[in-house]
Structure formats: structure tokens, C-alpha cells
Amino acid sequence: MTSYIKIKNHINGQWLDETNGQYEPLKNPSTGAVIGEVPLSSAETSRQATAAAAAAYPAWSATPLPKRMNYIFDMQQIMRDNLEMLAEAIAIDQAKHIAEARGEVGRVIEILQMACSIPAMIQGETVQGIANNINGRLIKAPLGVFCGVAPFNFPALVFGWFIPFAIGTGNTFVYKPSTESPLFMQKMMQLLVDIGLPDGVVNIVHGDRETVEAWYDDDNVAGVCLVGSTPTAKAIAEGCGRNGKKTMLLGGAKNFLVAMEDAPMDLMIENILMSGYGSAGQRCLAVSNIAVVSEIYDEFVERLLAASQNITVGDAMDPDVFMGPVISAKAKQRIENYIDIGQAEGATLALDGRNPNVADANQDGYFVGPTVFTEVTPCMQIAREEIFGPVLSVMKVGCIDGALRMIKNHEMGNGAVIFTQNSFYTEKFINEADVGMVGVNVGICAPHPYLPFGGIKGSLVGNNKVQGKDAIDFFTQSKVATVRIVDPKAGQAAPAATASTNVRSCVAS
């Protein structure tokens with residue numbers, strides 16, 4: 001039984017109650033029970049957090065790089081030591097199944113391993129002899145205070161995408177978790193305190209739009225990161241753009257899976273279950289639209305329905321359950337509205353996830369079961385809009401070119417995968433699928449931490465992606481130094497090449 005949780009802000013090394021704003025209830029989606037309260041911090045509190053981060057920045061950015069890396073190493077180890085506690089925090093308020101929550105924390109540990117290579121990735125460049133006794137040098141330098149906004153669905157993963165890279169490169173950070181899943185960051189922040197991270201390097205402020213909008217004209221803030229919806233990403237881009245702040249903004253998605261006639265059927269069905277129903281479909285790389293060639297369409301639908309009907313739904317902490325609830329009553333209603341829309345549009349509702357059988361019949365959570373539409377066309381609303389739930393739309397296509405046209409014509413461009421054993425299909429799909437992340441014979445095409453994560457088109461606002469070298473580029477600025485080497489014993493006379501007054505160069509020579 002979870003005791004009542006009062007979520008607090010963490011600013012300049014102190015756990016603080018919100019005194020200027022309101023609180024809203026925190027619920028366990030598996031039961032619908034109120035388990036605590038979350039502050040909706042005021043703009044004043046938000047600026048208090050950025051001021052603390054700004055005050056900590058000079059000392060932190062001057063901290064030797066090996067010492068900063070020691071904190072990243074310690075962060076990795078303390079997450080290993082507390083993996084189960086962190087996973088349970090995710091399973092309680094975000095209601096991701098405990099097995100998936102463990103996987104999410106494990107992935108963050110892998111990201112931290114990659115972040116430990118910052119000393120190699122942050123190295124600059126030197127060009128010798130660009131003019132008489134002059135060398136050129138490019139330096140990767142931190143910028144100051146960054147702020148980040150996390151979605152409800154991956155409270156740990158987004159922490160891993162933002163904070164290790166930001167502070168590892170010498171910046172300080174203000175992090176706003178989702179008000180629907182703040183518990184992981186409460187636990188994680190305490191672990192950062194335990195490893196001795198200096199006060200103000202990482203700060204937490206909880207809130208809604210007001211909390212974020214306070215950053216737009218805050219002189220302490222160098223940039224803002226987001227993983228969330230495309231409309232929210234565009235609003236942040238506009239607000240930050242007016243004041244010249246950097247942004248890294250990942251938006252919405254509508255991901256495709258293409259099933260060719262030679263697809264390995266057993267492997268494909270297993271991967272669709274994990275991709276479409278894992279996290280109750282609440283992730284940016286969940287498969288949503290499935291394009292199947294006509295040769296295997298009927299067999300595919302039969303196999304998919306049989307497998308989907310065997311998915312168990314229930315409490316996220318139940319080890320015998322495959323899929324937990326969606327995040328809230330509002331989310332449940334939205335998903336069920338899309339099911340109504342799909343029927344009204346003429347798609348065939350082959351499996352209805354409304355009012356599913358729940359493992360514990362007395363459970364009063366926000367449950368939507370696996371849902372499958374067949375005979376879907378690309379122009380339907382259920383095929384165009386992000387449902388963010390366990391709803392699959394199956395479409396029939398004549399060939400790989402038809403599937404690629406569907407992907408190209410969609411306004412989102414996050415991820416797409418193909419199942420095939422044909423190398424021609426494989427290479428054609430990799431080269432022509434109009435998305436940022438491609439997969440072959442995998443249900444979730446999430447890149448490993450060494451590679452950038454992010455889409456294109458409407459799924460990415462701007463150019464910056466998370467993870468890997470892309471993260472290093474975002475959290476640093478390039479500074480160029482032009483250095484003339486003067487021999488103190490030879491005097492300071494101008495070199496002969498610069499003595500002429502006939503030509504005057506605009507660069508040092």
C-alpha cells in the first residue's frame with residue numbers, strides 16, 4: 001500500500017512545498033485511487049529554479065571534466081543499485097507494467113554509459129599553421145541553464161535523454177516532470193543528492209503551462225527541451241524563438257509497420273504485440289498503422305486477432321498481466337472516442353478494447369484493451385491522428401510502393417518498420433521510407449543510445465534530436481579561437497608578409 005505522497009519541488013538543494021500555486025491530485029491509473037498531490041508551480045517558483053541553476057553554473061562549468069564524469073558514473077551505479085525502487089515508482093503513478101518499467105530504467109542506465117563517453121565526444125579541433133605563426137582552435141563550450149519538459153509516458157527515459165548530457169557538458173538544468181507521473185523524478189532526485197551532486201546543478205519544478213512559459217523571457221535560460229505533442233512543441237519553439245533560445249523539441253507520431261509477403265509471421269506478430277500494446281500503446285514509437293500486402297492479408301488478420309485476444313489486462317504491478325491501464329480517465333475517454341470515430345468512418349472493428357476483461361474484476365482503473373480495426377484507408381481519421389493507445393489500424397496494400405506512398409503522404413515522420421526476408425525490400429525501405437527512424441524485422445525502431453533518436457516532418461520541430469553526438473551538439477556551443485604564437489626572445493615586429501599596405505586581409509595573417 002502506497003502512503004499519501006506530497007510531491008515537492010527541488011530547488012538549490014532543498015525540497016520545497018509550493019506556496020504560490022495550487023496542487024492537483026496524483027492518481028494511480030491501475031486503481032483510480034488518489035495517492036498524492038502535485039504542485040502547479042507559479043511563474044515565480046519557475047524563475048526561482050532557473051536563478052538557482054544560474055547561480056550554480058559558474059562553479060559547475062569550471063569543474064574539471066573528469067570530476068563531472070565521476071558524477072555520471074556514480075549516477076549510473078546508484079540507478080543499478082536502486083533499479084527496482086525506480087521501476088516501482090514508474091509502475092505506480094505512470095502504470096507502465098512493472099516488467100516494462102524495469103526495462104525503461106535499464107535503458108537509462110545504458111544511456112548513462114554512453115554519456116560517460118562525453119570526454120571523447122566533446123573534444124574540439126585544432127588547425128595548425130593557418131597563417132604566419134597562427135593556429136585555429138574550435139572549442140565545445142557549455143551555454144548555461146537548460147530547461148526540460150517531460151511527457152507522462154517515459155519519466156525515466158526522458159530524464160536520461162536530457163540531464164546527463166546537459167550537465168556532463170557543463171550546463172545546469174531545471175526539469176519539469178509530467179504532473180501525471182512525477183514519482184520517478186522524486187526518487188531520482190534524492191539519488192542525485194545521495195551521490196553528492198552540487199546544489200543547483202539539477203533542479204525540479206512541477207507545474208503546467210505557466211511554469212514553462214516563464215522560461216521564454218527568462219534571461220537565465222539558454223535553451224528548452226521537450227518530448228511531447230507537436231502543438232506543444234510548436235508553442236515552445238515560438239516562445240523561445242522570440243528571445244533567441246535554443247530548442248530541442250520532439251513532437252507527435254503515427255508509426256507504420258509494413259508486412260511483406262515473405263514476412264516471418266511468428267516474429268512479426270510477437271513484435272506487434274510488444275510495440276502496439278506495450279505501455280498500453282502510449283509511446284511515440286508504438287506501431288499504429290499496419291500496411292499488409294494482399295497476399296498475406298487474411299492470414300495476418302486472423303493471426304493478429306488470435307494473439308491480441310490473449311493479451312491480459314490489469315494492474316501494472318501484477319506480474320501475470322501483459323498490459324496495464326492508460327494514464328487517466330481523460331485518456332481512456334479520448335481513446336474510446338477514436339474507436340467510435342473509426343466505426344463511424346466505416347472501418348471494421350474486428351476487436352473492441354472497450355470494457356475489457358481485467359485480471360482483477362474489482363479493479364477500478366483506466367483500462368482499454370487491445371483494439372484492432374481492419375479495412376482501414378489512409379484518409380480515415382484513425383489512420384491520420386495519433387491515438388496514443390492500444391489501437392491498431394490494418395490496411396491492405398498492393399506492394400511496397402503503395403506502403404511507401406502512405407508513409408510519405410503522412411504529415412508525421414517519426415518511425416516505420418518493415419518485416420521481410422528480401423534484401424531488395426529491405427534496402428528500398430531504408431532508403432525511401434520518409435521517417436526519421438527505420439526498422440527491419442523489429443517492432444520498435446528505437447535507436448540504441450549511441451545513435452540519435454528523433455523523427456522528421458511533423459514529428460520534430462527544428463533540427464536537433466536526442467542522444468549521442470546530437471545531444472552533445474545541442475548542449476554545447478562552438479567557440480573558435482585564433483591564436484598567434486609570439487616568441488618572446490624574437491621581439492614583436494610584424495611578420496614580413498603583413499608589412500605591405502597594398503592588400504589588407506579581413507582575417508589575421
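Residues numbered from 1 in each chain as written. Predicted model: local features only at pLDDT ≥ 70, side-chain atom pairs only at ≥ 80, totals over all residues. Heavy atoms only, no water.

### Examining helix 11 (residues 297-309)
It helps to recall that an α-helix has 3.6 residues per turn; residues three or four apart then point in one direction. Between its first and last C-alpha, helix 11 extends 18 Å over 13 residues, near the 18 Å set by a 1.5 Å rise per residue. Those residues of helix 11 that are buried lie in contact with helix 10 (265-277), strand 14 (287-293), strand 15 (348-351), strand 16 (371-374) and strand 17 (391-397). (Helix = DSSP H or I, 4+ residues; strand = E, 2+ residues; numbered from the N terminus. Expected span 1.5 Å × (residues − 1). Contact = heavy atoms within 4.5 Å.)

### Quick word on the sheet that holds strand 14
The strand order across the open sheet formed by 7 strands is 15-16-17-14-13-19-20, and the pairing between neighbours is mixed. At either margin of the open sheet sits one strand with a lone partner, and together these are strand 15 and strand 20 (437-440). Here the strands of the sheet are splayed against their neighbours by 25 degrees on average, with no regard to which way each runs. For strand 14 and strand 17, the ladder comprises 5 bridges, and the chain directions are parallel. Looking at strand 17, one finds that A291 is bridged to M395. Where helix 11 meets the sheet, it contacts strand 14, strand 15, strand 16 and strand 17, and its direction lies at approximately 170 degrees from that of strand 17. Packing against the sheet, helix 12 (residues 329-345) makes contact with strand 15, strand 16 and strand 17, and its axis sits at approximately 20 degrees to strand 16. (Pairing = 2+ DSSP bridges. Axes fitted to C-alpha atoms, helices over the stretch in contact; angles between N-to-C directions.)

### Notes on the nonpolar core
Counting 135 residues, the largest nonpolar core has F159, F162 and F300 as the members making the most contacts within it. With 10 residues, the single largest contributor to this core is helix 6 (residues 155-168). Counting 20 residues, the second largest nonpolar core, distinct from the first, contains A53, C147, L226 and I236. (Core = buried A, V, L, I, M, F, W, Y, C linked by side-chain atoms within 4.5 Å. Buried < 20%, exposed > 50% of the residue type's maximum accessible area, 1.4 Å probe, protein only.)

### Looking at the sheet that holds strand 6 (residues 125-131)
Across the sheet, 3 strands lie side by side as 6-7-23; this open sheet has antiparallel pairing. Lying at the two open borders of the sheet, with one neighbouring strand each, are strand 6 and strand 23 (477-484). Going across the sheet, the axis of each strand differs from the next one's by a mean of 25 degrees, ignoring polarity. As paired elements, strand 7 (residues 134-141) and strand 23 share 8 bridges and run antiparallel to each other. Within the sheet, the bridge partner assigned to R137 lies in strand 23 and is A481.

### Some points on the environment of M268
Mapped onto the secondary structure, M268 falls in helix 10. C-alpha separation for the pair M268 and L257, spaced 11 residues apart in sequence, amounts to 9.6 Å. Excluding residues that lie within four positions of it along the chain, M268 makes contacts with L257, A259, A263, F300 and F419.

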